Amino acid sequence: MNKIIEPSFRESVDLMFDRASSLLDLKPGLEEKIKVCNATYTVRFGVRLKGKIQTFVGYRSVHSEHIEPVKGGIRFSKAVNQDEVEALAALMTYKCALVEIPFGGSKGGLCIDPKEYEENELETITRRFAYELAKRDLIHPSQNVPAPDMGTGEREMAWIADQYSRMNTTEINSRACVTGKPLNAGGIAGRIEATGRGIQYALREFFRHPEDVSKANLEGTLEGKRIIIQGLGNVGYHAALFLSKEDGAIITSIIERGGCLSNDQGLDVEKVHQHLLENGNLVECAAGKYNEDSKHCLEKDCDILIPAAIESVINLSNVERIKAPLIIEAANGPITAGADDILNKKGTIIIPDMYANAGGVTVSYFEWVKNLSHIRFGRMRRRQEENRNQLLVQELGRIVTESGLNTKLSEDFIEKYSAGAGEIELVRSGLDDTMVNAYQSIRKVWYERDDVNDLRLAAYLVAIERIAESYHSKGL
Ligand code: NAD
């Protein structure tokens, strides 16, 4: 049997970039400048664990410093390699430009399976990795600001922030050296849920445009749409939870490592997640029917497919069998360049990673701003806003009573209108606004240019043009 040869993840990202840049009239040489990864630092360090020195390999790649600091998550996974880190760093550059977040692109990774280590061992390893990066300014509030990614979360970010502040005791902005921290260590409300929440806002915006929905051969709203989701980690869990609980979508299958759980009536996402946390897999989860064949589950009939685990899961070996008319890329790079071409020819609508999963970096930006301003969002205004709103509610109530109308203001209205915006409300509002604006900028290109037939190409065009403008204004 002939082996199918596909480009690597980084080559896929570059191919997609080339497709877009060939449609732009960039200054000679600028295309290459934007595309190449500026630098990748590889570190090998030893940590003494259980009486033996173990050597770890880590990377921090800086794709573009056209705006600083550069930004991008740190991933803990056995599969981490230079090609992957560089692809992810490039995607960060394009993503930040697309959602108008003032950061360049970066990414980091450590080749490690976190499940193989005790918590105290992981802390030692993470702190040592952070030390190696911080001493080269690859963690720095004004130069390079990491965040969580696959295999890392709040806990690791808190260790990194603490390690950085130990090394920089007089740096007043040290908390801004990393985002995705717990609330009590300088984090922001809504960061954990941010990427999943962004997926929800992106889909809501897509379904606000009936013409776009009909391009995917769908109609109506998110209510009742059948969704398959791959990966019930941070991103997948929150996306599945919000879409099912708040938008009435039906999660028919959840694919995890080793197997797939299905229920045509809709899976109870919280129950499935609890089972996964307790058992590490979905075997014998009572919420649905378990099948060990997780690969073919991606190919089942559904309205929306959400790959939210790892890259290249939709590739030349399975793309012809993918039935979903709409795919939203919650993970980075889940569709290879070859599979992307085939899906586009089939008419599948793909909401691309660069836009779809930008919720994380958007709320990370809010956290960074919060850390630099040293004050919680809403702290100065919330009560004043509430007092003014209550004044208006009282006055309206008085007018209604005095005019003798046989009615009164509803309790629901009074409660909703009176409340001032706290941090979580402001974060969600800022995220929603970001996702709506970015979709509209992509959509405009999608509809206005005859040579653009898909959302990914449109997203690349918007991002590359903005980066090119930034270089122009620097005189390049
Ligand atoms: P995570 O580690 O919290 O979750 C990943 C989940 O996918 C885990 O439950 C894991 O068991 C599962 N998984 C791994 N390989 C799988 C496979 N082959 N089949 C099925 N399931 C598999 O990671 P996350 O933070 O949710 O990130 C997921 C994806 O989203 C990654 O591509 C990441 O780069 C991207 N992303 C994450 C964020 C963020 O804020 N965390 C932001 C933007 C993009």
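Residues numbered from 1 in each chain as written. Predicted model: local features only at pLDDT ≥ 70, side-chain atom pairs only at ≥ 80, totals over all residues. Heavy atoms only, no water.

Novice: So, the overall build of the chain: which residues are in play, and what are the values?
Specialist: In terms of regular secondary structure, the chain is built from 17 helices and 12 strands. A compact globule built from 476 residues would reach a C-alpha radius of gyration of about 23 Å, and the chain, at 23 Å, matches this within 12%. Within the chain, the fraction of its 476 residues that count as buried is 55%. Sequence-distant contacts in the chain: of pairs separated by 6 or more residues, those separated by 24 or more amount to 70%. (Helix = DSSP H or I, 4+ residues; strand = E, 2+ residues; numbered from the N terminus. Rg over C-alpha atoms; globule rule 2.2 N^0.38 Å. Buried < 20%, exposed > 50% of the residue type's maximum accessible area, 1.4 Å probe, protein only. Contact = heavy atoms within 4.5 Å.)

Novice: Summarise the packing of helix α1 (residues 9–21) against helix α17 (residues 455–473); cite the residues concerned and give the values.
Specialist: One can describe the packing of α1 onto α17 by two numbers: an axis separation of 9 Å at closest approach and a directional angle of 75 degrees. Here α1 is positioned roughly perpendicular relative to α17, judged by the angle of their axes. Along the contact surface, α1 presents Val13, Met16, Phe17, Arg19, Ala20 and Ser21, while α17 presents Arg456, Leu457, Tyr460, Leu461 and Ile464. Taken together, the residues of the contact of α1 with α17 break down into eight nonpolar, one polar and two charged. (Axes fitted to C-alpha atoms, helices over the stretch in contact; angles between N-to-C directions. Parallel < 35°, antiparallel > 145°, perpendicular 65-115°, else oblique. Nonpolar A, V, L, I, M, F, W, Y, C, P; charged D, E, K, R; others polar.)

Novice: Lay out the pattern of salt bridges in plain terms, naming residues and giving numbers.
Specialist: For the coordinates displayed, the defined rule picks out 46 salt bridges. A salt bridge links Arg443 to Glu211, with the nearest nitrogen and oxygen atoms 3.0 Å apart. With a gap of 232 residues between them, Arg443 in helix α16 (residues 423–448) and Glu211 in helix α7 (residues 210–215) connect regions that are remote in the sequence. Assessed through its relative accessible area of 42%, Glu211 is described here as partly exposed. A single salt-bridge network, built from bridges that share partners, covers Arg19, Glu329, Asp340, Asp353, Asp454 and Arg456. (Salt bridge = Lys/Arg side-chain N within 4 Å of Asp/Glu carboxyl O.)

Novice: Quick rundown of the site of the ligand? Include the residues and the values.
Specialist: In the vicinity of the ligand there are 22 residues, among which Arg75, Asp149, Thr195, Glu256 and Asn332 approach most closely. Within the contact set of the ligand, an oxygen atom lies 3.1 Å away from a backbone nitrogen or oxygen of Gly151. Here Ala309 contributes a backbone N or O atom positioned 3.3 Å from an oxygen atom of the ligand. Its free accessible area being 830 Å², the ligand has 87% of it covered by the protein chains. If you list the elements that add at least two residues to the shell around the ligand, you get α8 (234–247) and β7 (250–256). Tallied by class, the residues present in the shell around the ligand amount to nine nonpolar, eight polar and five charged. Two domains share the shell around the ligand, each providing at least three of its residues, namely domain 1 (1–36 + 190–378 + 421–476) and domain 2 (39–185). (Near = heavy atom within 4 Å. Polar contact = N/O pair within 3.5 Å; in protein donor to acceptor, adjacent residues only side chain to side chain. Areas by Shrake-Rupley, 256 points an atom, 1.4 Å probe, with all protein chains shown as cover. Domains from an automatic or database assignment.)

Novice: How would you explain the sheet that holds strand β1 (residues 39–49) if you had to name every residue and give the values?
Specialist: Reading across the sheet, the five strands line up as β1-β2-β4-β3-β5 and stay open at both edges, with mixed pairing between neighbours. On the outer flanks of this sheet lie β1 and β5 (144–148), each paired with one strand and no other. Strand-to-strand, the axes of this sheet are offset by a mean angle of 25 degrees, without reference to chain direction. Taken together, the 11 bridges between β1 and strand β2 (residues 52–64) define a ladder with antiparallel strand orientation. Within β2, the position partnered with Thr42 by the bridge is Tyr59. (Pairing = 2+ DSSP bridges.)

Novice: Explain a nonpolar patch on the surface to me, using residue names and the numbers behind them.
Specialist: A grouping of Leu392, Leu396, Phe413 and Tyr417 is seen on the molecular surface, where their side chains present a nonpolar patch of about 310 Å² in accessible area. Residue assignment for the nonpolar patch shows that the elements contributing at least two residues are α14 (382–402) and α15 (411–418). (Patch = residues over 30% accessible without salt bridge, like charges linked within 9 Å, V, L, I, M, F, W, Y side chains within 5 Å.)

Novice: Give me the lowdown on the packing of helix α6 (residues 194–207) against α8, citing residues and values where you can.
Specialist: Axis separation between α6 and α8 bottoms out at 7 Å; the angle between their running directions is 45 degrees. It follows that α6 is oblique to α8 by the angle criterion. The two elements α6 and α8 meet at a crossing, and its hand is right-handed. The segment α6 lies against α8, with Thr195, Gly196, Arg197, Ile199, Gln200, Leu203 and Arg204 engaging Val235, His238, Ala239, Phe242, Leu243, Glu246 and Asp247. Class assignment for the residues of the contact of α6 with α8 results in six nonpolar, four polar and four charged. (Left-handed = near helix turned anticlockwise from the far one by under 90°.)

Novice: Help me get a handle on the nonpolar core, residues and values and all.
Specialist: Residues Tyr94, Leu203, Ile306, Leu326 and Tyr460 are the most contacted members of the largest nonpolar core, which totals 94 residues. Here this core takes 12 residues from α17, the largest share from any one element. Split by domain, the residues of this core number at least three in each of domain 1 (1–36 + 190–378 + 421–476) and domain 2 (39–185). Those residues in contact with Tyr94, other than ones at most four positions away along the chain, are Val13, Phe17, Ile34, Lys35, His63, Met354, Tyr460, Ala463 and Ile467. Listed in part, the 28 residues of the second largest apolar core include Val43, Phe56, Ile112 and Phe129. (Core = buried A, V, L, I, M, F, W, Y, C linked by side-chain atoms within 4.5 Å.)

Novice: Any chance you could break down the pairing of strand β8 (residues 259–262) for me, citing the residues and the numbers?
Specialist: Residues Gly259 and Leu261 point to one face of β8 and Cys260 and Ser262 to the other, with burial holding for every one of them. Across four bridges, the pairing between β7 and β8 is antiparallel. Across the sheet, Ile255 pairs through a bridge with Cys260, a residue of β8. Connecting the antiparallel pair β7 and β8 is a turn made up of two residues, with Gly258 showing a positive phi of about 90 degrees. Direction of pairing for β8 relative to strand β9 (residues 289–291): antiparallel, over a ladder of three bridges. Within the sheet, the bridge partner assigned to Cys260 lies in β9 and is Asn291.

Novice: So what about the domain arrangement of the chain? Which residues, and what values?
Specialist: By domain assignment, the chain separates into domain 1 (1–36 + 190–378 + 421–476) and domain 2 (39–185). Computed from C-alpha atoms alone, the centre-to-centre distance between domain 1 and domain 2 is 23 Å. Each partner contributes residues to the interface: domain 1 has 45 residues there, and domain 2 has 45 residues. Approximately 3,500 Å² of surface area, both sides summed, lies buried where domain 1 meets domain 2, with 64% of it carried by carbon and sulfur atoms. (Buried area = accessible area lost by both parts, 1.4 Å probe.)

Novice: Describe the pairing of β5, and please don't skip the residues or the numbers.
Specialist: Looking down a regular strand, the side chains alternate between one sheet face and the other. Burial analysis of β5 places five of its five residues in the buried class, the great majority of the element. One ladder, built from five bridges, connects strand β3 (residues 70–76) with β5; its direction is parallel. Each bridged residue has a counterpart across the sheet, and for Gly72 the counterpart in β5 is Pro146.

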